[in-house]
Amino acid sequence: MLKYLFAKNEDIPAGSSALFFGFSAIVWFVIGTGLGSFNAAKLAFPDFVTGNEFFAFGHMRQVHVMAVIFGWISLAFAMAMMYITPALGNTKLWSEKLGLWNCMLWNVGLTLALTLLWAGVSSGREYSDFPWPIDLYIAFCIFIPLGVNVWMTVINRRTQGIYTTNWFFAAATFLVIIVFLVGNAPEFFHLTGLTEAYLTWWFAHNVLGLWITPVAAAIAYYTIPKITGNPLYSHRIGHLHFWSIVVFYSTPAAHHLMSAPLPEWLKSFASVEGVLILVPAIAFVSNILLTMQGKWHMFVENLETRFTITGILMAIPLNMQGGFQQTRAINWYVHATGWMVAHAHLALLGFSTFLEVAAVYFGMQTILKRKLYSLALGNIHFWLLLIGFTTYWVSMTIAGLIQGAGKIYEVPYIDVVIVEHPYMIARWLGGTMVFTGNVLWLYNMWMTAREGTVIPEGRMAHELAYER
Amino acid sequence: MAFREYKIGARMFAVCLGGSMIITLLFPSITVAKSTSSDVALDKSFYAGHESGFSLEDPFLLGWNKPLKVTLKVDPKTQQPMEQKTVYVYQPGTSFPASIIHPRIFGKGIEELSLQQGRVGEAKRESGAVFGFAKGAFEGQEYSYVENLTATKGWAPADVMRVAKDEDVLHAGAGKTMFVREGCWWCHTMLPEETQDWQVFGAPPMLGDFNAESPTAFGSDRKGPDLLHVGSRNSSREWMMLHFFNPRLVQPHSIMPRFDYLWGEKDANGQKIDFDKWRAEYIEYRDGKRVNPPEVPAYGKDSEIRYLIDWIMSLK
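These numbers come from a predicted model, not from an experiment. (Residues numbered from 1 in each chain as written. Chains lettered and ligands numbered in written order. Predicted model: local features only at pLDDT ≥ 70, side-chain atom pairs only at ≥ 80, totals over all residues. Heavy atoms only, no water.)

Looking only at helices and strands, chain A features 17 helices and zero strands. Against the compact-globule benchmark of 23 Å for 468 residues, chain A has a radius of gyration of 22 Å, which places it among compact chains. Considering only C-alpha atoms, chain A reaches an extent of 65 × 45 × 40 Å along its principal axes. Looking at chain A as a whole, 65% of its 468 residues qualify as buried. The contacts of chain A with a sequence gap of at least 6 include a subset with a gap of at least 24, amounting to 83%. Carbon and sulfur atoms form 71% of the exposed surface of chain A, whose accessible area is close to 15,700 Å². With 23 positive and 22 negative side-chain charges, chain A shows a spacing of 11 Å between the two charge centroids. (Helix = DSSP H or I, 4+ residues; strand = E, 2+ residues; numbered from the N terminus. Rg over C-alpha atoms; globule rule 2.2 N^0.38 Å. Buried < 20%, exposed > 50% of the residue type's maximum accessible area, 1.4 Å probe, protein only. Contact = heavy atoms within 4.5 Å. Areas by Shrake-Rupley, 256 points an atom, 1.4 Å probe, with all protein chains shown as cover. Lys, Arg positive; Asp, Glu negative; His and termini not counted. Charge placed at Lys NZ, Arg CZ, Asp CG, Glu CD.)

Structure, rendered in C-alpha cells:
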C-alpha cells in the first residue's frame, strides 16, 4: 500500500483501494468481535480479568461498538463502493490514489480514536462517543474523501442511467456526512440538556438509517443480480425503497427516547414514522427475494448468495421488531432491556454483516482474480457466524423479556441479574463463535490472496467454486 | 447528470430531506428551548459545571475544571454561624455552566431574575464566582433563580473554601465525569421510565430537568438498577465504598465490575494499598478459607472514588 500512496494514479492497479479496504475491514471485524466476546465474558463472569481500568467493561464496551460500526461495517461499505460503483458505471474508480489515502487515513484515525475511547476519552454520548475533534476527523478525512470518490465515479460513468446501488451509494455517503456534522452539533457548539439528549439519538438513529441500512441494501442490489445472473426484479420497487428511506427513516429519531420528557407530539410522530420504516423494508426484502426466482438452488450452493439471502431473511424479523417495538404499547416493556441489545445485533451482525461479508467475499475474489482458498473454511465461517449469532440473539431476546417482566412487576433488580446469568453465558458462547469464524475468514482471505487458484479471464469466481 | 430526471430527483431529495430536518430538528428545538429550568436542573448544572464529558479543559476526563458543591454553615465574610446554605464554588479559571454563558437556557422568568436580582451577568471566569439559589417572583409567578453570591454578598471562592470543612464539600462535578469516563452509563440508566418502573426507581424526569446539563447520559441498555435517584434509596457512603471496591462484598450476585483502581495508590492514611494482597485474601474468603473478607481501605480525600461517591450522594 505504501508504495502506491505516492505513485501516479494511472500506475495504481484497478481495485487496489478496494483490496486494502477489504482486508482492513476483516481485521477490524476480528478486533471488534474479539472485544465483543471479551465483554460478554465479563458480563457472565464479572471477576474475569479485573482490577485494571483498561480491561474494565465500561472502558471496552464502546470500543467494541465503534470498532464494528466504523471499522468493520463502514470499511466493508467503502470496499464495496470502491469496486461496485465503477463496475456499475462501466468505468474505472475516479481515483485509486484517493481511495488508498482514504483507507490509510481511516485506519490511522480509527486506531487513534478507539485508543482514546478505550482510555475513557469520551463525549459521554452513546454512538457519538468520540470527542468532537475525532468527529471532525471522521467527517473530513474519512467520509468526505469517500463521498468524493463515489460521486466523481458516478458522474464520470459510461452508462446512461444510474443503477439502484449507485443511487444509494451516492446518497448515503452524502447523508452520513450530514449526519456526522449535525448529530455532533451538541459537541461542536456545546448544546446542552434535552437538545443534547435528542441529538444524540438523532445521530444514533440516522447513522443506522441513512448509512448502514441503505448501503447494506445497496450491496445486495448488486450482489444478488450479479451472482445469480437474474436482473433485479423491479426498479420501481427500488425507487419506492430509496424514497421511503429518505422520508421515513430520517424522521423517527425520538422513538429511542419514548420514556424521556420530549414533546409528546414528537414521540407520537416518531412512533408513526417508525412503523412506516416497514415500507422500505418490505420493498427491499421482496425485491431481492423475487430477484431470486429460478435461482434458489444458489442459496444452497453458492456461498455469497447464501450469506446475502440469509441476511435478507433476517431483515424480516429485524424490521418487524423495529417497526413495532418502538410503539408505546411495546416499548414500555422492552425499553433498555437485553431485547434491544438482541435487536441491535440482529441489525448489525445479522442483517447488515451478512450482506457485507458476501460483498467482501465476492469482491476480493474478483479483484484478486483468485478463487477462494478454501470453500470449506468459507462454509465453516458461514455456520459459525449464523449459529453464533442465533445463539446470541435468542439468549438476549429471552433475557430481555425476563428483564422487561422484572421491570414492570417491580422485581428487585438483583433477581433479574441472577436469572439472566445462563443467558449471559450463552451470549458469550455465541459471540465467541462469531469471533472464531472471523479469525478463520481472515486466514482464508489471506491465503486466497497468496495461494488461491487463478481465475481465467472472462470467468467469475463463483462459477469455479466447485471445480478443482 | 445531464438527465432531466436527475435534476427532478435531486430537488425532490432536497425537499424530502429538508422537510424531515425541519420536522425533526427545528420544531422540537422550539419546544425544548421554551422550557424553564426546574430546581433539579439548576442543581445538576451548577454542581456539574460546563461539561462532564470530553472538553479541551479536561481532555482525559480527570475531573479538572469542575466546581465544588459546598454546604456552608458559617458566613464566609463574618465567620459567624448562619443558616445552612448550599453554594457552588467556581474557583478562578473554572468554566461556568452553559446557562451562565447563555442565560436564555434558564427559561424566561429565571433568566430575568438571575440577571437582575442574582447579578449572574457580573460573574467572571478569571476571578471565579460562588453561586447559590434564591426564590423570587417574576410576573406574578415564583421561581428559583441563581444568585451570584460573589457579586451580591462579596463571597469570593477562596473565602468559602477557607470556612468549609472537607466533609461539607462534594466533588460532585468531578464525580459525574468519573461516571462518564468509567462507562457506568453502559449498564445504569439515568431515566426511570413513565411506567411502573418509577415506583422502584423514583419519579421520571420532567421537561425542565436537564437545562444546561451535558452530557445527559440517559443510557439505553440497563444491566443494573436505574441511578437517577439512587442517593435517596441508599445514602450510606460506607456501603458505596464496599460496593465500589468489590460489589460481591455486599451483593454476592452482582455482575458489576470492581472499581478498586479508582482508589489510586494510597488510602486515606497515606499508606500504599496492597491490591495483590487484598485480592489474594478475598479469594480465600470467597473459597471459604477465611471467615471475614479483607478490610476495604478507606479512600483518600482526593481520590477519584471520593469524587464518584460524592456525585452518587447528590443523586436525590
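Back to the write-up after that little detour.
This part is about the overall build of chain B. In terms of regular secondary structure, chain B is built from 12 helices and five strands. Along the first, second and third principal axes, the C-alpha set of chain B runs to 80 × 65 × 40 Å. Looking at chain B residue by residue over its 316 residues, the buried ones come to 58%. If you take every contact in chain B between residues at least 6 apart in sequence, the share linking residues at least 24 apart comes to 68%.

Moving on, we come to the nonpolar core. Residue and element names in this part refer to chain A. Judged by nonpolar contacts, the single largest core of 141 residues is most densely connected at Phe 70, Phe 130, Phe 143, Trp 211 and Phe 284. Broken down by element, the residue count for this core peaks at 22 residues, all from helix 8 (residues 193-228). For Trp 211, the residues in contact, after removing those within four places along its chain, are Ser 74, Phe 77, Met 81, Phe 143, Leu 146, Ala 172, Thr 173, Val 176 and Asn 206. (Core = buried A, V, L, I, M, F, W, Y, C linked by side-chain atoms within 4.5 Å.)

A pair of packed helices is characterised by two quantities: the angle between their axes and the separation of those axes. Residues and elements named next belong to chain A. Where helix 15 (residues 338-368) contacts helix 16 (residues 375-408), the axes come no closer than 7 Å and their chain directions differ by 165 degrees. The angle between helix 15 and helix 16 falls in the class roughly antiparallel. For the crossing formed where helix 15 meets helix 16, the hand is left-handed. Counted by class, the contact of helix 15 with helix 16 contains 16 nonpolar, 10 polar and no charged residues. (Axes fitted to C-alpha atoms, helices over the stretch in contact; angles between N-to-C directions. Parallel < 35°, antiparallel > 145°, perpendicular 65-115°, else oblique. Left-handed = near helix turned anticlockwise from the far one by under 90°. Nonpolar A, V, L, I, M, F, W, Y, C, P; charged D, E, K, R; others polar.)

Our focus in this paragraph is the pattern of salt bridges. All chains considered together, the criterion is met by 35 salt bridges over all chains. A salt bridge links Lys 407 of chain A to Glu 193 of chain B; the shortest N-O distance between them is 2.8 Å. In this pair, Lys 407 of chain A sits in helix 16 while Glu 193 of chain B sits in the loop between helix 7 (172-181) and helix 8 (197-201), so the two residues belong to two different chains. For the residue pair Lys 407 of chain A and Glu 193 of chain B, the accessibility class agrees, reading buried in each case. Note that Asp 43 of chain B is salt-bridged to Lys 69 of chain B, the shortest N-O span being 3.1 Å. Taken together, the residues Asp 43 of chain B in helix 2 (residues 39-48) and Lys 69 of chain B in strand 1 (residues 68-74) connect sequence positions 26 residues apart. Each of the two residues, Asp 43 of chain B as well as Lys 69 of chain B, counts as buried. (Salt bridge = Lys/Arg side-chain N within 4 Å of Asp/Glu carboxyl O.)

You can see Asn 438 of chain A is positioned in helix 17 (residues 413-451). Ignoring sequence-local partners within four residues, the contact set of Asn 438 of chain A consists of Phe 29, Val 30, Thr 33, His 381 and Leu 385 of chain A.

So, about the packing of aromatic side chains. Given two aromatic rings, one states the distance between the centres and the angle between the planes to describe the pair. All names here are of chain A. Counted according to the given criterion, the structure contains 58 aromatic pairs over all chains. On the basis of an interplanar angle of 85 degrees and a centroid distance of 5.1 Å, the ring pair of Phe 180 and Phe 203 is categorised as edge-to-face. Taken together, the residues span a long stretch of sequence, with Phe 180 in helix 6 (residues 164-183) and Phe 203 in helix 8 at a distance of 23 residues. A single burial state applies to Phe 180 and to Phe 203, both of which are buried. Ring geometry for Tyr 361 against Trp 441: centres 5.2 Å apart, planes inclined by 35 degrees, an arrangement best described as tilted. Taken together, the residues span a long stretch of sequence, with Tyr 361 in helix 15 and Trp 441 in helix 17 at a distance of 80 residues. According to the relative accessible area criterion, Tyr 361 is buried, its value standing at 0%. Judged by relative accessible area, Trp 441 falls into the buried class, the value being 0%. Here a set of aromatic residues connected by ring pairs shows up, and it is made of Phe 21, Phe 70, Phe 77, Trp 106, Phe 130, Phe 143, Phe 180, Phe 203 and Trp 211. Here the basic side chain of Arg 306 rests over the ring of Phe 382, its NZ or CZ set 5.0 Å away from the ring centre. (Phe/Tyr/Trp six-rings, centres within 6.5 Å; stacked < 30°, edge-to-face > 60°. Lys NZ or Arg CZ within 6 Å of the ring centre and 35° of its normal.)

Residue and element names in this part refer to chain B. Spatially, the five strands line up as an open sheet ordered 4-3-2-1-5, and their pairing is antiparallel. Pairing within the sheet leaves two strands with one partner each, and these edge strands are strand 4 (141-148) and strand 5 (169-170). Note: strand 1 against strand 5, two bridges, orientation antiparallel. Following the sheet pairing, Lys 69 is matched in strand 5 by Leu 170. Where helix 4 (residues 108-116) meets the sheet, its contacts fall on strand 3 (129-138) and strand 4, and the angle it forms with strand 4 comes to roughly 45 degrees. (Pairing = 2+ DSSP bridges.)

A few words now on the layout of surface pockets. Of the volumes computed, that of the largest pocket is approximately 910 Å³. His 188, Gly 224, Pro 225, Leu 227 and His 243 of chain B are the residues nearest the centre of the largest pocket, which is lined by 43 residues in total. Of all the secondary-structure elements, those providing two or more residues to the lining of the largest pocket are helix 2 (16-44), helix 3 (57-88), helix 16 and helix 17 of chain A together with helix 8, helix 9 (230-233) and helix 10 (237-245) of chain B. Partitioned by chemical class, the residues of the lining of the largest pocket number 25 nonpolar, 10 polar and eight charged. Of the volumes computed, that of the second largest pocket is approximately 720 Å³. What lines the second largest pocket is a set of 22 residues, among which Trp 167 and Phe 242 of chain A together with Tyr 6, Gly 9 and Ala 10 of chain B lie closest to the centre. Breaking the lining of the second largest pocket down by element, the ones donating at least two residues are helix 5 (132-155), helix 6 and helix 9 (235-249) of chain A together with helix 1 (4-33) of chain B. A total of seven residues in the lining of the second largest pocket trace back to one element, the largest contributor, which is helix 1 of chain B. Of the residues assigned to the lining of the second largest pocket, the class counts are 17 nonpolar, four polar and one charged. (1 Å grid on protein atoms, 1.4 Å probe; cavity = no way out; pocket = protein on both sides within 12 Å on 5 of 7 lines; lining within 4 Å. Points joined across faces, edges and corners; volume = space filled by probe spheres on them.)

On to the interface of chain B and chain A, then. Interfaces are often described in size by the accessible area the parts lose on coming together. Contact with chain B, which involves 76 residues of that partner, is made by 74 residues of chain A. Summed over both sides, the interface between chain B and chain A buries roughly 6,500 Å², with carbon and sulfur atoms accounting for 68% of that surface. The tally of links from chain B across to chain A stands at six salt bridges. With a shortest N-O distance of 3.7 Å, Lys 267 of chain A and Glu 194 of chain B are connected by a salt bridge. On the surface where chain B and chain A come into contact, there are 19 residue pairs in polar contact (both at pLDDT 80 or more). At the level of secondary structure, the elements contributing two or more residues to the side of chain B that touches chain A comprise helix 1, helix 7, helix 8 and helix 11 (275-286) of chain B. With 15 residues, helix 1 of chain B is the largest single contributor of residues to the side of chain B that touches chain A. Tallied by class, the residues present in the side of chain B that touches chain A amount to 42 nonpolar, 19 polar and 15 charged. (Buried area = accessible area lost by both parts, 1.4 Å probe. Polar contact = N/O pair within 3.5 Å; in protein donor to acceptor, adjacent residues only side chain to side chain.)

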